[in-house]
Amino acid sequence: MTDAQQTADDAAPPTAEPSGPAAVPLLAPREGVPEVTADDAGLAAVVDAFAAGSGPVAVDAERASGYRYGQRAYLVQLRREGAGTVLIDPVACPDLSGLGAVLSGTEWVLHAAMQDLPCLRDIGMVPERLFDTELAGRLAGFARVGLGVMVENVLGYSLEKGHSAVDWSTRPLPEPWLRYAALDVELLVDLRDALEEELTKQGKLEWAHQEFAAIVAAPPPPPRKDPWRRTSGVHKVRRRRQLAVVRELWTTRDHVAQRRDLSPGKVLADAAIVAAAQAVPADVTALAALPGFGHRMGRRQLAQWQAAIDRAKRLPEAQLPQPGQPAAGPPPPRSWADKDPAAAARLAAARAAVTAHAEELRLPQENLLTPDTVRRLCWEPPARPEPELVAGSLRALGAREWQIEQTVPLLTRALAAGA
């Protein structure tokens, strides 16, 4: 048993919920709700204040998912000791690289960092060091890791609820929304400190540091291939000509959504795209009778969608999409028993071992080792089930050193058992 395992076994579970109906105090901003910084002079003052501040900086961003095209930030919240809390309008101040520069080397504290880092990068804010309180909560074994739940269970305060899914592109932003946004960073550093203490008790702090470093070092994801294949319900569309209709409608919708700065779902629902692909209507009249193309849609819009359908109809056979997208990795595990019984045996043994060890360590199995990593290792194992070779394979698949240390012995045994 490792020191980390012994420490984890000895520590009290951090997942306990508050007992009884005792009231949890509602958190309020310590300095009140700040004004939104929306001009160059205000931004310069913020830069100076945060340069003079000390300690980690709490960072959050609000997007308008479901309302606007893309994932840009419509509000950025920061808090630092000595600088207080600020709210910045990145529409009025689209270049925050100066602020990012003065925070160079400072630890950024975010909750679910992978969600916010892309939109922060777009406005010039890229951390060199970070602490992700959501990921820290997972590693520490918390059953629920939403920010509100974590603040309540760890720090004993209740955050305001109800504004997470609003349209943050609204201007001016209502005062209750701004209060909600300010509170998201109010106790983020306090939460970070408490989680660091818990991870230290469990012997997992170094694991967390490796995870945070991997997030910082990760490059932006490459553009998704054939994004139209992610249309909800596309699995109902079987024929290649019908798939071409999905592709043409999706592409047209994306262009319209980008031009109008609207969420694609507000332009045309996925269900409507699938219905049109299944029916392949002959004309605008037939299209208007389909779900999603009803009486509220104008004739000009209907003509636009029918034109996309007609383009799909005219495509030569060679240009029609294939029913399935070639998989970049191993085939679906359900087919392994037929394709490669030995690989299926390796996978069953490896999955069971990783799951059991994750339970011992009190962390989610996907944080100990991602299911994709386990699948790839079992489908294309090293030449021999030896610890050094297994470690090399895991390292090549992107596993962190703490994950390799924790899983190499059990995976070596699993690969040998399935050989």
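Cut-offs applied
Residues numbered from 1 in each chain as written. Predicted model: local features only at pLDDT ≥ 70, side-chain atom pairs only at ≥ 80, totals over all residues. Heavy atoms only, no water. Helix = DSSP H or I, 4+ residues; strand = E, 2+ residues; numbered from the N terminus. Contact = heavy atoms within 4.5 Å. Areas by Shrake-Rupley, 256 points an atom, 1.4 Å probe, with all protein chains shown as cover. Lys, Arg positive; Asp, Glu negative; His and termini not counted. Charge placed at Lys NZ, Arg CZ, Asp CG, Glu CD. UniProt positions renumbered as here; feature names shortened; annotations may be inferred. 1 Å grid on protein atoms, 1.4 Å probe; cavity = no way out; pocket = protein on both sides within 12 Å on 5 of 7 lines; lining within 4 Å. Points joined across faces, edges and corners; volume = space filled by probe spheres on them. Nonpolar A, V, L, I, M, F, W, Y, C, P; charged D, E, K, R; others polar. Buried < 20%, exposed > 50% of the residue type's maximum accessible area, 1.4 Å probe, protein only. Arc of directions from axis to C-beta. Core = buried A, V, L, I, M, F, W, Y, C linked by side-chain atoms within 4.5 Å. Axes fitted to C-alpha atoms, helices over the stretch in contact; angles between N-to-C directions. Parallel < 35°, antiparallel > 145°, perpendicular 65-115°, else oblique. Left-handed = near helix turned anticlockwise from the far one by under 90°. Pairing = 2+ DSSP bridges.

Attention now goes to the overall build of the protein chain. Within the protein chain, the regular secondary structure consists of 20 helices and 6 strands. Taken along the three principal axes of its C-alpha coordinates, the protein chain extends 70 × 65 × 45 Å. Taking contacts inside the protein chain between residues at least 6 apart in sequence as the whole, the part at least 24 apart equals 68%. Split by element, the accessible area of the protein chain, about 20600 Å² in all, is 53% carbon and sulfur. When the 47 basic and 52 acidic side-chain charges of the protein chain are each reduced to a single mean position, those positions are 13 Å apart.

Sequence positions flagged by UniProt for "domain: HRDC" (unreviewed entry) are, in local numbering, residues 239–319. End-to-end, the C-alpha atoms of residues 239–319 are 13 Å apart, and along that stretch the chain is 69% helix and 0% strand.

So, about the layout of surface pockets. The rolling of a water-molecule-sized probe over the atoms marks out the regions of remaining empty space. Approximately 940 Å³ is the volume found for the largest pocket. Looking at the lining of the largest pocket, the elements with two or more residues in it are α4 (113–122) and α10 (240–260). Partitioning the lining of the largest pocket into residue classes produces 9 nonpolar, 7 polar and 9 charged. Quantified by volume, the second largest pocket comes out at close to 600 Å³. Along its surface, the second largest pocket is lined by 28 residues, and Asp60, Glu62, Ser164, Tyr180 and Asp184 are the ones closest to its centre. Elements represented by at least two residues in the lining of the second largest pocket include exactly β2 (54–63), α4, α6 (147–155) and α7 (175–186). Looking at side-chain class alone, the lining of the second largest pocket contains 13 nonpolar, 7 polar and 8 charged residues.

Further remarks concern helix α19 (residues 387–396). Those residues of α19 lying buried are Val390, Ala391, Ser393 and Leu394. Projected down its long axis, α19 carries its buried residues within an arc of 160°, all on one side. Among the exposed residues of α19, those oriented more than 90 degrees off its buried face are Glu388 and Ala396. Where α19 is buried, its residues contact α18 (371–379) and α20 (401–417). Within two residues after α19, Gly398 carries a phi angle of roughly 95°, on the positive side.

It is worth spelling out the nonpolar core at this point. By size, the foremost hydrophobic cluster in this structure holds 76 residues, and its most contacted members are Leu78 and Ile88. With 7 residues, α20 is the largest single contributor of residues to this core. Among all residues touching Leu78, those that are not within four sequence positions of it are Phe50, Val57, Ala58, Val59, Gly84, Thr85, Val86, Ile88, Leu99, Leu103, Met125 and Val185. One finds Leu243, Leu302, Trp305 and Ala308 within the second-largest nonpolar core, a separate group that totals 31 residues.

The next thing to look at is the packing of α19 against α20. Look at α19 against α20: their axes get within 9 Å of each other, and the N-to-C directions meet at 125°. By the angle class used here, α19 and α20 are oblique. The hand of the α19/α20 crossing is right-handed. Counting all contacts with α19, which are made through Pro387, Val390, Ala391, Leu394 and Arg395, the residues of α20 involved are Glu401, Ile404, Thr407, Val408, Leu411, Thr412 and Leu415. Of the residues contributing to the contact of α19 with α20, the split by class is 8 nonpolar, 2 polar and 2 charged.

Judged by pairing direction, the sheet is mixed, and its 6 strands sit side by side in the order β1-β4-β3-β2-β5-β6 without closing on themselves. Sheet topology places β1 (36–37) and β6 (129–132) at the edges, where each strand pairs with a single neighbour. When strand β5 (residues 107–110) meets β6, the two strands line up parallel, connected through 4 bridges. Paired with Trp108 across the bridge in β6 is Leu130. Helix-sheet contacts for helix α2 (residues 40–52) involve β1, β2, β3 (73–81) and β4 (84–88), and the interaxial angle to β4 is about 145°.

Arg171 connects to Pro172 through a cis peptide bond whose omega is -5°. Along the chain, the position of Pro172 falls in the loop between α6 and α7. Of note, the phi angle at Asp261 is positive, near 50°, even though the residue is not glycine. We classify Asp261 as partly exposed; its relative accessible area is 28%.

For the rest of this paragraph, the subject is the pairing of β2. Burial analysis of β2 places 7 of its 10 residues in the buried class, which makes it a mostly covered element. Direction of pairing for β2 relative to β3: antiparallel, over a ladder of 8 bridges. Bridge pairing in β3 links Ala61 to Val76. Looking at chain direction, β2 and β5 are connected through 2 bridges and run parallel. Bridged to Ala58 within β5 is Val109.

Inspection of the entire model under this criterion finds 2 cavities of 30 Å³ or more. Put simply, the largest cavity is a space of about 70 Å³. Surrounding the largest cavity, Leu117, Arg121, Met125, Val126, Pro127, Ile215, Val216 and Ala218 form its lining. Residue classes in the lining of the largest cavity are distributed as 7 nonpolar, no polar and 1 charged.

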